[in-house]
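So you can see what is in the structure, the chains are spelled out below.
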Amino acid sequence: MNPPESDTGSDVRVVRTTSTYDCGGRCPIKLHVRDNQILRVEGDDAPEPHQLRTCLRCRAYKQYVHHPERFLYPQKRVGKRGEGKFERISWDEAYDIFIRELNRIKKTYGNEAILLATGGAYLASLHNGGLAASRLLNQYGGYVTHYGNISSEGAVWASLTQYGSVMVGHSREDMMNSRLIILWGWDPARMISGTNTMYHLIRAKENGARIIAIDPRYHDTAATVAHEWIPIYPGTDTAVMVAMANVMIKENLHDRQFLDTYTTGFDAFADYVLGKEDGVDKTPAWAAEISGVDAGVIDRLAREYAATKPAALMDCQGPARSAMGEQYNRCASTLCAMTGNVGRPGGSAGGGLMGIPVGHMFRMSAIPPGKNPFELDGPNVKGTLDIRLRVKKRIHVNTLWDAILEGKDGGYPSDVKMMWSMCNNYVNQIGNSNKADRALKQLEFIAVSELFPTATARYADLIFPVTSAAERNDFTRPWPSGPYFTVVNEAINPLGECKSDLEIASDLAERLGIEGFNPHSEEEWLKILFENNPEYTTHIDDYEAFRKKGVHRVDLPEPIVAFRDQIADPENNPFPTPSGKIEIYSRRAADLDNPACPPIPKYMPTAEDRFDSLAGQYPLQLITPHPRNRVHSELYLVPWLKETEEHRVWINTRDAKARGIEDRDEVLVCNERGTVSLPAFLTERIMPGVVAIFEGSWYQPDEKGVDRGACANTLTRDDYSGGGACVMNTSLVEIQKA
Amino acid sequence: MQMGFYFEQTRCTGCRACQVACKDWHDVPAGPENWMRVLYTEKGSFPDVFVSYMVSPCWHCVSPVCAEACPPSAITKRAADGIVTVDPETCLGKDECGAKCLKACPYDAPQFGPEQNARMRKCNFCLDRLEQGKVPNCVEACYTRALDAGPLEELREKYGSGQEAEGFSSSKRTKPAVIIKAKTA
């Protein structure tokens, strides 16, 4: 336990720690603790400008950890599956049930019938639930699992194709060097893209940067900083980018020298843009028809972006969670190259991932899971752009339910009979929640390791109650960027009979007769995880002080700029692509011979875009942005957060009036996948023809199948793009008064 | 001396971290009692929209009309720092008194829980934190650094004398202790 530090009274301990939500920040917080209760939260107390200031989510940490609906004891199902009725059982009984079912499934169907569903609900080095479970099931003979992450696969594919790297971001203070910042589908006021990101953006504006927001919504970031809002229909970003390239090429505004020096394949892209490839000149007028953005605006935007140096085109991942999402990130990167902004302070590389290589979660140490015997005879997928290879032995995460329903006959890697799920709420957070309901009712056994009765946990036959980060010790990192490292210090003893995932897996290993599963104590593990990670040992001298302070900040002599070295000295620093250059034309993509993955970035029509004939019946495009008062579906039950923003569907006043809908009216939003019921928010902040439901509200179908929790994914598609992006923002819906 | 707040409306994203931090520090349950509120304004029509937020704690007015309106004199303006406090023990309760303080206040600062005859409570400038040399919790919680607090004279020297903003009108009668950098269209 963290050494006590008293500054508020004798019996109150102050514990320096952080949370482990699936958040882009890992902000230092101070928990005031007495009698195994968190009393209140204070933020980081470092002097400015070093302060890493937490947001409302961690401000409500007390109500999350001590929530009355937390699972404190093992439970078994007593009602029908999906009803969420449970009764308390002992750990012995819980382990007996689990092992009995696990062994039965393995004996009857083989290891491949065991589906392990993991996720990002709490991401840390040691207590990373999915890794403990994978380690266990690997030693048990294997299992089938999923590939891909819901957030960012489009951006990952685009960055790997274009740059051969996922570290495409600048440290956020570099925005102070920008003269123009284009927020293209990026709303950091809601979605924490690294601690203090919104603050740095505000300061960049105060420093004189011009800021343009391109988005279907006039979101809170735009409302705070943007000089101009350019509304755009969902899924059409790439068309506008292509038309901007068209203007630049025709007016010779692009940086030819930069393109010659650092890129390959620009001419092929230019041929497409100018219509030499397909006879369609991709002019602003062409893009205006598609996107709803006025041709004159596109023209002006192209000239302004090309002429203002340095300029940061900030694409992100939301528009990439769509039916051809990776094209948006690739095209953004291509514009960054055409304007010579890659590798330059105040510029940007695009790619949507925004990661920097200091304190990045991708480089976090973790307990070694070992190899999955089920995957040993599969293809080598490391670094591949071919998503078809990735789904030979794994299930794309956004098709989990279909895989359960269709199995091998449907082309999936196995016939799933049981699921063990942790660190996720996939019923809620991947596409098509009603299909999840059908799929999970078909399985023979479901165990869920959880803290809360989530939409997914409601389908469990068995619940393992898991500790929160306040009850554990660990190291953690924000997913996109440091530059800092944080520590999770145990603030309270485990509540009720909760155990960590590692303890649960270790107990199961012992009962299964798996030897040597967990050879270390928690403290030993932490020391090993620290010492085995070169980033820690490079930056941090004093392990004990790091643990006690809970944070180590890295002083950067200058902002981190992605590909600074490649641009400064290309001879000695090739890009990590096959050609050593930025690949506007990718031979590897061409070799895929997949029309969904063209070698150059392209705008392509897709199912459920606004030109689909389905739009006759469902004329509104649905987008599902991040919530402000949750981290995805985590924290959904926390009252202090819930009351800060009512869950309502954003609809333009014009669309609402045409349907007889007034503000706050209960409405039904529906398509062929489902119907959700929630109040309407009439606003001028979303363009006509588009509606928004913030993701993460918990799926709660009533007896008629209407989702009263209004989970956005009741309406979204369980599909993925050519580059593997989850298709969360390409759905057509209709709205009517309830 | 008069303590007061500074609000940089141009930096506020409407996130409500201030509201949550306030409830956490003072252990106020979710519900109608909000010592710190965030008011929303949306004007114009697509695509020419104006959006702003306005924080709304107690402004610790120079002339607190709530105190004058309170029948049992449960509300006090502290001489040393101008902070307006309430003694819940003396307060008659919302139902018995009819919430005269709330009716008098132009900013809806007096707050009541949902319980029967709730006693009035409200922003007390985090007096306990002030004694430890800390700023109010809402100020520390604002991750866009849109809030500050301190002696009003010092705030005026640092930030000017803005007093009008969308969602707020400075009452000449009560003289709220706040400086605002207003957001304009």
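Structure: above.
Procedures and definitions
Residues numbered from 1 in each chain as written. Chains lettered and ligands numbered in written order. Predicted model: local features only at pLDDT ≥ 70, side-chain atom pairs only at ≥ 80, totals over all residues. Heavy atoms only, no water. Helix = DSSP H or I, 4+ residues; strand = E, 2+ residues; numbered from the N terminus. Rg over C-alpha atoms; globule rule 2.2 N^0.38 Å. Buried < 20%, exposed > 50% of the residue type's maximum accessible area, 1.4 Å probe, protein only. Contact = heavy atoms within 4.5 Å. Areas by Shrake-Rupley, 256 points an atom, 1.4 Å probe, with all protein chains shown as cover. Lys, Arg positive; Asp, Glu negative; His and termini not counted. Charge placed at Lys NZ, Arg CZ, Asp CG, Glu CD. Core = buried A, V, L, I, M, F, W, Y, C linked by side-chain atoms within 4.5 Å. Pairing = 2+ DSSP bridges. Axes fitted to C-alpha atoms, helices over the stretch in contact; angles between N-to-C directions. Expected span 1.5 Å × (residues − 1). Phe/Tyr/Trp six-rings, centres within 6.5 Å; stacked < 30°, edge-to-face > 60°. Lys NZ or Arg CZ within 6 Å of the ring centre and 35° of its normal. Disulfide = S-S within 2.5 Å.

Chemist: Where do I start with the overall build of chain A in this structure?
Modeler: Along its length, chain A carries 25 helices and 27 strands. Here the C-alpha radius of gyration of chain A, 25 Å, is about what a compact globule of 738 residues would show, namely 27 Å. By its C-alpha atoms, chain A is 75 × 60 × 55 Å across when sized along the principal axes. For chain A, buried positions account for 68% of its 738 residues. Long-range contacts, defined as pairs at least 24 residues apart, comprise 75% of the intrachain contacts of chain A with a sequence gap of at least 6. Accessible surface for chain A amounts to roughly 24300 Å². Of this, 48% is attributable to carbon and sulfur atoms.

Chemist: What's the story with the overall build of chain B in this structure? I'm lost.
Modeler: Helix and strand content of chain B: 7 helices and 7 strands. Along chain B, from the amino end to the carboxyl end, the secondary structure elements read β-α-β-β-α-β-β-α-α-α-α-β-α-β. Against the compact-globule benchmark of 16 Å for 185 residues, chain B has a radius of gyration of 16 Å, which places it among compact chains. With respect to the principal axes defined by its C-alpha atoms, chain B has extents near 50 × 35 × 30 Å. Counting the 185 residues in chain B, one finds 59% classified as buried. Long-range contacts, defined here as pairs at least 24 residues apart, represent 62% of the contacts in chain B between residues at least 6 apart. As displayed, chain B has an accessible area near 7600 Å², and 52% of this comes from carbon and sulfur atoms. In chain B, which carries 23 positive and 23 negative side-chain charges, the distance between the mean positions of the two groups comes to 3 Å.

Chemist: I keep staring at the nonpolar core and nothing clicks. Help me out?
Modeler: One broad rule of soluble globular proteins: the nonpolar side chains tend to lie buried together. Counting residues in each nonpolar core, the largest one holds 91 residues, and the members touching the most others are Tyr 61, Phe 98, Trp 420 and Phe 464 of chain A. At 8 residues, helix H3 (residues 91-109) of chain A tops the list of elements feeding residues into this core. Filtering out sequence-adjacent residues up to four positions away, Phe 464 of chain A remains in contact with Trp 91, Ala 94, Tyr 95, Phe 98, Trp 420, Val 448, Ser 449, Glu 450, Ile 504 and Leu 508 of chain A. Residues Ala 223, Trp 229 and Phe 694 of chain A together with Trp 35 of chain B belong to the second largest nonpolar core, which totals 72 residues.

Chemist: Looking at this structure, I do not really get the sheet that holds strand E18 (residues 484-488) of chain A. What am I missing?
Modeler: Residues and elements named next belong to chain A. Here we have 3 strands laid out as an open sheet, ordered E17-E18-E19, and antiparallel in their pairing. This sheet does not close on itself; its edge strands, each paired only once, are strand E17 (474-476) and strand E19 (551-553). Here the strands of the sheet are splayed against their neighbours by 15° on average, with no regard to which way each runs. In this structure, E17 lies alongside E18, joined through 3 bridges in antiparallel fashion.

Chemist: Please explain helix H18 (residues 501-512) of chain A as it appears in this structure.
Modeler: In an α-helix, one full turn covers 3.6 residues, which means residues spaced three or four apart are oriented alike. Residue and element names in this part refer to chain A. Taking 1.5 Å of rise per residue, the 12 residues of H18 would be expected to cover 16 Å, and the 16 Å separating its terminal C-alpha atoms lies within 8% of that figure. Of the positions making up H18, those classed as buried are Asp 501, Leu 502, Ile 504, Ala 505, Ser 506, Leu 508, Ala 509 and Leu 512. Packing partners of the buried residues in H18 comprise H3, helix H4 (129-139), strand E14 (418-422), strand E15 (445-450), strand E16 (462-465) and helix H19 (522-531). In the stretch just after H18, Gly 513 is the one whose phi turns positive, near 75°.

Chemist: I'm lost on the sheet that holds strand E3 (residues 37-43) of chain A in this one. Help?
Modeler: Sheets are built from strands that pair by backbone hydrogen bonding, the pairs being arranged parallel or antiparallel. Within the open sheet, the 3 strands sit side by side as E1-E2-E3 (chain A). Their pairing is antiparallel. Edge positions in the sheet fall to strand E1 (13-17) and E3 of chain A, since each of these pairs with one other strand and no more. Averaged over neighbouring strand pairs, the angle between their axes works out to 30° when direction is ignored. Judged from the 6 bridges that link them, strand E2 (residues 29-34) of chain A and E3 of chain A form a sheet pairing that is antiparallel. Its bridge partner being in E3 of chain A, Leu 31 of chain A is matched across the sheet by Val 41 of chain A. Across the face of the sheet, helix H1 (residues 17-26) of chain B comes into contact with E2 and E3 of chain A while running at roughly 140° to E3 of chain A.

Chemist: Just to check I follow, could you spell out the environment of Phe 362 of chain A for this structure?
Modeler: Residues and elements named next belong to chain A. Note that Phe 362 resides in the loop between helix H13 (325-338) and helix H14 (387-390). For the pair Phe 362 and Pro 480, spaced 118 residues apart in the sequence, the C-alpha separation amounts to 8.4 Å. Residue contacts for Phe 362: discarding those within four places in its chain leaves Val 166 and Met 167.

Chemist: Would you explain the packing of aromatic side chains in this entry?
Modeler: Aromatic ring pairs are described here by two measures, namely the spacing of the ring centres and the angle between the planes. Residue and element names in this part refer to chain A. Applying the stated criterion to the full structure yields 39 aromatic pairs over all chains. Aromatic side chains Phe 475 and Phe 546 sit 5.8 Å apart centroid to centroid with 10° between the ring planes, which places their arrangement in the stacked category. Highlighted residues: Phe 475 in strand E17 and Phe 546 in helix H21 (residues 543-549), separated in sequence by 71 residues. Among the residues examined, Phe 475 registers a relative accessible area of 0% and is labelled buried. Grouping aromatic residues by their ring pairs yields a cluster made of Trp 91, Tyr 95, Phe 98, Trp 420, Phe 445 and Phe 464. For Arg 88, the ring lying beneath its charged end belongs to Tyr 73, and the centroid distance is 3.5 Å. The lysine or arginine in question, Arg 610, covers the ring of Tyr 233, its NZ or CZ lying 3.8 Å from the ring centre.

Chemist: I'm lost on the state of the cysteines in this one. Help?
Modeler: Put plainly, a disulfide is one covalent bond tying together the sulfur atoms of two cysteines. Taken as a whole and judged by the stated rule, the model has 0 disulfides over all chains. Free of any disulfide, Cys 55 of chain A has its nearest neighbouring cysteine sulfur in Cys 23 of chain A, separated by 5.7 Å. Free of any disulfide, Cys 58 of chain B has its nearest cysteine sulfur in Cys 123 of chain B, 5.5 Å distant. The class of Cys 58 of chain B is buried, set by a relative accessible area of 6%.

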